[in-house]
Amino acid sequence: MLSLEHIYKTYNRGTVNETPIFDDFNLTIEDEEFVTVVGSNGSGKTSLLNIICGSIDVDAGSTLINGVDITRMDDFKRYRKIGRVYQNPAMGTCSEMTILENLSMADNKGKPFNLTPGTDKRRIDFYRENLRHLGLGLEDKLNVTVGSLSGGQRQALALLMSTLTPIEFLILDEHTAALDPKTAETIMELTDKLVRGKGITTVMVTHNLRYATGYGNRLIMMHEGKIILDNKGDDKCKTSIEELLGIFNRISIECGN
Amino acid sequence: MDMLISILEQGLIFAIIAMGVYITYKILDFPDLSVDGTYPLGAAITATMIASGINPLLAMLAAIAAGAAAGLVTGLIHVKLKVRDLLSGIITMTALYSVNLHIAGKANLPIFNTTTIFNNGIVNTIFPAFLEPYKTLIIIFLVALAAKLLLDWYLKTKSGYLLRAVGDNPAVVTSLANDKGTIKIIGLMISNALVALAGSVMCQQQRFFEVQMGIGTIVIGLAAVIIGITLFRKLRRVKPTTAVAVGSILYKACVALAITYGLSATDMKLVTAVLFLLILVIAMERRSRRKKLA
Ligand SMILES: Nc1ncnc2c1ncn2[C@@H]1O[C@H](COP(=O)(O)OP(=O)(O)O)[C@@H](O)[C@H]1O
Ligand SMILES: [Mg+2]
């Protein structure tokens, strides 16, 4: 279980660029929930994920994992339980290292990075098998540097890396946004398979309303740092793209656009 | 012939520096000026210990440890106190100038007629007479080779993978639940340990420590790295450690040629600076072209 309690956050406090974003923000995500998050640009979706992962500090309030307060915990320690994929495919992999080296590192997450060989040759078949499931032909490119792969291939690899070891939470920030429609579809199906197969609690930010409605079991819509729609279970299933579009339109009229 | 031997000797000693600079500049993307202080640090410790009759191998180990400690200081200043990378190195370098003077006790400490790795009971007996002129070169080569093989090995370990990852994409290190600051510090320690080792070897080869000997170390190291990496860019098979070693020898050869063709010692640093600027611009040119293609 993941909870954010009474979160307050203002960027650049006390300067001309002061941007208040969260004012008593609350959210609890139950185990094995797959939450899709939509909302216009600047509504605070990425900030929300950054707070969960500890990439930014909050002004007040607490973050809890399974009831344990982790508000002051360093970001890198939180990632023992968290996997994350970013919008930019370059963020999740090391471009000058090979696919095999990237996977070997990911495979070692949670264990010591000591002076034993970086790649365990006995694991290569396992990596190859996982790469084959991606269906992008990466299983034959183990020794290719990741920088020479396409965005879609890199993103698939990043997704695989972030879920290779057991994690409790998966954080996805528009992770299909930079991809062509077909690759985006592939990555989305893969995500769904991984999340459901491993029962990982997931938060997925997306601008694709079809993904937001078609995947997951809870849908949240954000606006100006607030949750303005939160549908679970049956309500979530019934939420339609048209309904979401309607809310988007209403908001933008209210904002005077 | 003497000149060739001298170039190779100098080039191979600086190859060890180049390997250290390769770690900071190329892997970590951290322009670390501490090396201008850790190179003479290695020399100061070695000269002082050898002068008081301590085994030269022990003196080399002490130099390596001191270099690592200096790298740790630079790393802590940068990571914990959040001082910019360039400035962190400058702070350590400046402090080491006094430290080195304190260690050696004076600005110039000769160690003639002492036991060194080049002059001791064992090497004096195993080297046949006809190899005598190459004795120093061979021993330097062995030390440089050991450093290269060790570094090659390290970069293939789990810890080495993380070091490469942190320069490549720190976000990956964080998502692997590791502290990127710690990894950077480890890199700086290894780098400066290598540079101090080079200082230790150099001081035994030239048979003295001199407090000014570190000036410009970073420039020579960087030049060697950039020449080596640029030359061997197309050849994936050549390990970067080999590439920077070749770069170092080439650089020393250029300098030696410039001197034989009448470059005065006064102009030395000026020419070095211009040469370095040239190398940098050429390397940048290539990099931006590569970016455009990508
Ligand atoms: N690091 C930052 N510094 C200052 N302002 C920021 C920072 N990150 C985000 N913001 C601001 O906070 C608001 C929410 O941003 P963000 O969380 O990225 O929104 P979203 O991901 O929903 O588009 C925006 O107005 C943005 O300009
Ligand atoms: Mg965003």
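Residues numbered from 1 in each chain as written. Chains lettered and ligands numbered in written order. Predicted model: local features only at pLDDT ≥ 70, side-chain atom pairs only at ≥ 80, totals over all residues. Heavy atoms only, no water.

**Regarding the pattern of salt bridges**
Residues and elements named next belong to chain A. Test applied: The working definition used for a salt bridge is a side-chain nitrogen of Lys or Arg within 4 Å of a carboxyl oxygen of Asp or Glu. Numbering goes from the N terminus for both helices and strands, where a helix is a DSSP run of H or I of at least four residues and a strand is a run of E of at least two. Buried, partly exposed and exposed residues are distinguished by accessible area as a fraction of the type maximum, computed with a 1.4 Å probe on protein chains only: under 20%, between the cut-offs, and over 50%, respectively.
With the rule as written, the count across this model stands at 12 salt bridges over all chains. With its nearest N and O atoms 3.0 Å apart, the salt bridge here joins Glu 129 to Arg 132. One end of the pair is Glu 129 and the other is Arg 132, both in helix H4 (residues 124-134) and three residues apart, which spans about a single turn. According to the relative accessible area criterion, Glu 129 is partly exposed, its value standing at 37%. With relative accessibility at 41%, the residue Arg 132 sits in the partly exposed group. When salt bridges that share partners are traced, they join Glu 33, Arg 218 and Asp 230 into one network.

**Looking at the site of ligand 1**
Residues and elements named next belong to chain A. Defined as follows: Whether a residue is near a molecule or strand depends on its heavy atoms: if one lies within 4 Å, it is near. N or O atoms within 3.5 Å of each other form a polar contact, as long as, within protein, one can give a hydrogen and the other can take it, and as long as residues adjacent in sequence are counted only when both atoms are side-chain atoms. For the accessible areas, the method is Shrake-Rupley and the probe is 1.4 Å, while residue cover comes only from the protein chains on display. Classification convention: Asp, Glu, Lys, Arg as charged; Ala, Val, Leu, Ile, Met, Phe, Trp, Tyr, Cys, Pro as nonpolar; all other residues, Gly among them, as polar.
Neighbouring ligand 1 are Tyr 11, Asn 12, Thr 19, Ile 21, Ser 40, Asn 41, Gly 42, Ser 43, Gly 44, Lys 45, Thr 46 and Ser 47. Contacts to ligand 1 include Tyr 11, whose side-chain N or O atom sits 3.4 Å from a nitrogen atom. Between ligand 1 and Gly 42 there is a distance of 2.8 Å, counted from an oxygen atom to a backbone nitrogen or oxygen. Contact with the protein chains hides 62% of the accessible area of ligand 1, taken as 560 Å² for the molecule alone. Considering every element that reaches the shell around ligand 1, the biggest residue donor is helix H1 (residues 45-53), with three residues. Residue composition of the shell around ligand 1, by class: two nonpolar, nine polar and one charged.

**Re unusual backbone geometry**
The residue Glu 224 of chain A is not glycine, and still its phi comes out positive at about 45°. Along the polypeptide, Glu 224 of chain A turns up in the loop between strand E9 (218-223) and strand E10 (226-232). We note that Asn 113 of chain B has phi near 55°; this positive angle belongs to a residue other than glycine. Mapped onto the fold, Asn 113 of chain B is located in the loop between strand E1 (108-110) and helix H5 (121-126). Judged by its relative accessible area of 75%, Asn 113 of chain B falls in the exposed class.

**Describing the interface of chain A and chain B**
This is how the line gets drawn: Contacts were defined at the residue level, with two residues in contact if any of their heavy atoms lie within 4.5 Å. What gets called buried area is simply the loss in accessible area from a 1.4 Å probe that two parts show on being joined, summed for both.
With 27 residues of chain A at the contact, the number on the chain B side is 21 residues. Here chain A meets chain B over a buried area of about 2,200 Å², counting both sides, of which 63% is carbon and sulfur. For the chain A face of the interface with chain B, the top three residues by lost area are Phe 76, Phe 113 and Leu 115 of chain A, together amounting to 28%. Viewed at the interface, chain B and chain A are joined by one salt bridge. A salt bridge links Arg 164 of chain B to Glu 101 of chain A; its shortest N-O distance comes to 3.0 Å. At the junction of chain A with chain B, the criterion picks out 13 residue pairs in polar contact (both at pLDDT 80 or more). Take the side of chain A that touches chain B: its biggest share by element is four residues, from helix H3 (residues 99-107) of chain A. Split by residue class, the side of chain A that touches chain B holds 12 nonpolar, 10 polar and five charged.

**Focus on the sheet that holds strand E4 (residues 60-65) of chain A**
Residue and element names in this part refer to chain A. Our working rule: At least two bridges found by DSSP between two strands are what make those strands a pair.
Strand order in this open sheet of four strands is E2-E1-E4-E5, and the pairing throughout is antiparallel. Two strands in the sheet have a free side with no partner beyond their single neighbour: strand E2 (19-29) and strand E5 (68-69). One ladder, built from eight bridges, connects strand E1 (residues 2-11) with E2; its direction is antiparallel. Residue pairing in the sheet places Thr 10 in a bridge with Pro 20 of E2.

**Details of the nonpolar core**
A general feature of soluble globular proteins is that nonpolar side chains tend to end up buried together. What counts here: In these notes, a set of buried Ala, Val, Leu, Ile, Met, Phe, Trp, Tyr and Cys residues joined through side-chain atoms within 4.5 Å is what counts as a nonpolar core.
Core analysis: the biggest nonpolar cluster contains 88 residues, and Met 105 of chain A together with Ile 16, Tyr 39, Leu 163, Val 201 and Phe 209 of chain B have the highest contact counts within it. Looking at this core element by element, the count peaks at 13 residues for helix H1 (residues 2-27) of chain B. If we skip the residues at most four places from it in the chain, Val 201 of chain B touches Ile 13, Met 60, Phe 118, Ile 140 and Val 143 of chain B. Core analysis: the second largest hydrophobic core is formed by 35 residues, Phe 34, Leu 100, Leu 179 and Leu 190 of chain A among them.

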